[in-house]
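Here is what each chain is made of, one letter per residue.
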Amino acid sequence: MLSYRASIPLSNHTLVRLAGLIRAQRAERGCWWRRLDPAQQALLVLAHLRNGDTYASLAAGFTIGTTTAWRYVREAADLVAVLADDVHAAMARARRLAYAILDGTLIPIDRVADERPYYSGKHKRHGVNVQVLADPAGRLVWASPALPGAVHDVTAARTAGLIDALTSAGVKTFADKGYQGAGGTIRTPFKRHRYRRRLSRGQREVNRSHARIRAIGERAVATLKAWKVLTKLRCCPHRATKLVQAILVLQLIEEGRYPG
């Protein structure tokens, strides 16, 4: 089998933090020997999450079994995911922002047996819906648990408790037309309907300003999807939430913004 060296676009700081978490977990469990040491396991996990390397490729590169590679990734993702903030803890940070930007994204998945709930009519593909909250600089603040792709954005935001939490915290939030009717502190652009077939000049100008603000929030979605494992999930859709939460924590660690 041919092999080659590859790079992971992450800092050594993230590798050290993840290796430290793995080392602490092993010590707590009394597990003093594994096929890979904590640093190697951390490197394997980051290669999978960030570069999207398959378990077969990782197994060949680290000279371990494919099942072992799968187990290492799963246990590390679960370990990091529990460190993610819930919606109320995220609001404690969002409250300090001048405003926030809310957007939804679809993470594609393989087709499953019970496929109808996961089919997004908007995107014309199967996936899971994740709500992303960004700060005014377009940095990732929080990502919601994954819901089936058929769930509408405003429904997903309500289900995650995001709209109520943003309103209770008094955080002015900009969102697209998919969040019409959300109420609270959610600001959406003007939309034409049968009773308002044409927008006034002032309304069109407001929409243009609104769109310029929301465009910055696309950076947070791009940041999340820069982790190539989210290009298309090839695992059970119920694992999507753990993976998204783990990636959220690792991204905050990478940027030096993780409070822990």
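Above: the structure in question.
First, a word on scope: everything that follows refers to the structure included in this document. Computed from a predicted model, the values in this text were never measured in an experiment.

1. Re the pattern of salt bridges
So, step 1. This structure, assessed with the given rule, holds 7 salt bridges.
So, step 2. Note that Arg239 is salt-bridged to Asp78, the shortest N-O span being 2.8 Å. A residue pair is termed long-range when its members are at least 10 positions apart, and Arg239 in the loop between α8 (201–225) and α9 (240–254) and Asp78 in helix α4 (residues 66–81) qualify at 161 residues.
So, step 3. Here Arg239 falls in the buried class, since its relative accessible area comes to 13%.
So, step 4. Look at Asp78 and you get partly exposed, because its relative accessible area is 23%.
So, step 5. Two residues, Arg93 and Asp85, come together in a salt bridge whose shortest N-O distance is 2.9 Å.

2. Observations regarding the pairing of strand β4 (residues 140–143)
Put simply, side chains in a regular strand alternate between the two faces of the sheet.
So, step 1. Bridge analysis of strand β3 (residues 125–134) against β4 gives 3 bridges, and the strand direction is antiparallel. In the strand pairing of β4, Ala134 is matched with Leu140.
So, step 2. Here β3 folds back onto β4 in antiparallel fashion, the turn holding 5 residues, of which Gly138 has a positive phi close to 85°.

3. Considerations on the environment of Ala215
So, step 1. Take Ala215: it is sitting in helix α8.
So, step 2. C-alpha of Ala215 to C-alpha of Arg197: the two residues are 18 residues apart in sequence and 25 Å apart in space.

4. Overview of the side chain of Arg93
So, step 1. Tracing the backbone shows Arg93 in helix α5 (residues 87–94).
So, step 2. When its relative accessible area of 17% is taken as the criterion, Arg93 is described as buried.
So, step 3. Only 3.1 Å separates the side chain of Arg93 from the backbone oxygen of Val141, close enough to count as a polar contact.
So, step 4. Residues contacting Arg93, with those up to four places away along its chain left out, are Asp85, Val141 and Leu252.

5. Some points on the packing of aromatic side chains
So, step 1. Considering all chains together, one arrives at 1 aromatic pair under this definition.
So, step 2. Here the aromatic rings of Tyr99 and Phe174 are separated by 5.3 Å at their centres, their planes lie at 85°, and the arrangement is edge-to-face. Placement of Tyr99 in the loop between α5 and β1 (100–108) and of Phe174 in strand β6 (residues 173–174) is noted, with a sequence separation of 75 residues between them.
So, step 3. A residue is classified by how much of its surface remains accessible, and Phe174, at 13% relative accessible area, is buried.
So, step 4. The ring of Trp227 carries the charged tip of Arg50 above its face, separated from the ring centre by 5.1 Å.

6. Examining the nonpolar core
So, step 1. Among the nonpolar cores identified, the biggest contains 75 residues, and Leu44, Met91 and Leu133 are the most heavily contacted of them.
So, step 2. With 10 residues, the top contributor of residues to this core is α9.
So, step 3. If near-sequence neighbours (up to four positions away) are discounted, Leu44 is found in contact with Leu36, Leu58, Phe62, Ile64, Ala69, Tyr72 and Val73.

7. Focus: the pairing of β1
So, step 1. Among the 9 residues that make up β1, 9 are buried, leaving the element largely enclosed by the rest of the structure.
So, step 2. Side chains Ala100, Leu102, Gly104, Leu106 and Pro108 of β1 all project onto a buried face; the interleaved residues Ile101, Asp103, Thr105 and Ile107 project onto the opposite face, where all are buried too.
So, step 3. Bridge count between β1 and β3: 8 bridges; the pairing is antiparallel. Residue pairing for β3: Leu102 is matched across the bridge by Leu133.

8. Section: the packing of helix α1 (residues 12–29) against α9
So, step 1. Here α1 crosses α9 at 130°, and the two axes come no closer than 9 Å. In this view, α1 runs oblique relative to α9, as classed from their interaxial angle. Remark: the crossing between α1 and α9 carries right-handed chirality. In contact with His13, Thr14 and Arg17 of α1, α9 contributes Leu250, Ile253 and Glu254.
So, step 2. Looking at the contact of α1 with α9 residue by residue, the class counts come to 2 nonpolar, 2 polar and 2 charged.

9. Re unusual backbone geometry
So, step 1. A positive phi angle, near 50°, is found at Thr63, a position not held by glycine.
So, step 2. Checked against the element boundaries, Thr63 lands in the loop between α3 (55–61) and α4.
So, step 3. Thr63 sits in the exposed class, given a relative accessible area of 54%.
So, step 4. Of note in this structure, Lys124 is not a glycine but carries a positive phi near 60°.
So, step 5. By the secondary structure assignment, Lys124 is in the loop between β2 (119–120) and β3.

Conventions we followed
- Residues numbered from 1 in each chain as written.
- Predicted model: local features only at pLDDT ≥ 70, side-chain atom pairs only at ≥ 80, totals over all residues.
- Heavy atoms only, no water.
- Salt bridge = Lys/Arg side-chain N within 4 Å of Asp/Glu carboxyl O.
- Helix = DSSP H or I, 4+ residues; strand = E, 2+ residues; numbered from the N terminus.
- Buried < 20%, exposed > 50% of the residue type's maximum accessible area, 1.4 Å probe, protein only.
- Pairing = 2+ DSSP bridges.
- Polar contact = N/O pair within 3.5 Å; in protein donor to acceptor, adjacent residues only side chain to side chain.
- Contact = heavy atoms within 4.5 Å.
- Phe/Tyr/Trp six-rings, centres within 6.5 Å; stacked < 30°, edge-to-face > 60°.
- Lys NZ or Arg CZ within 6 Å of the ring centre and 35° of its normal.
- Core = buried A, V, L, I, M, F, W, Y, C linked by side-chain atoms within 4.5 Å.
- Axes fitted to C-alpha atoms, helices over the stretch in contact; angles between N-to-C directions.
- Parallel < 35°, antiparallel > 145°, perpendicular 65-115°, else oblique.
- Left-handed = near helix turned anticlockwise from the far one by under 90°.
- Nonpolar A, V, L, I, M, F, W, Y, C, P; charged D, E, K, R; others polar.

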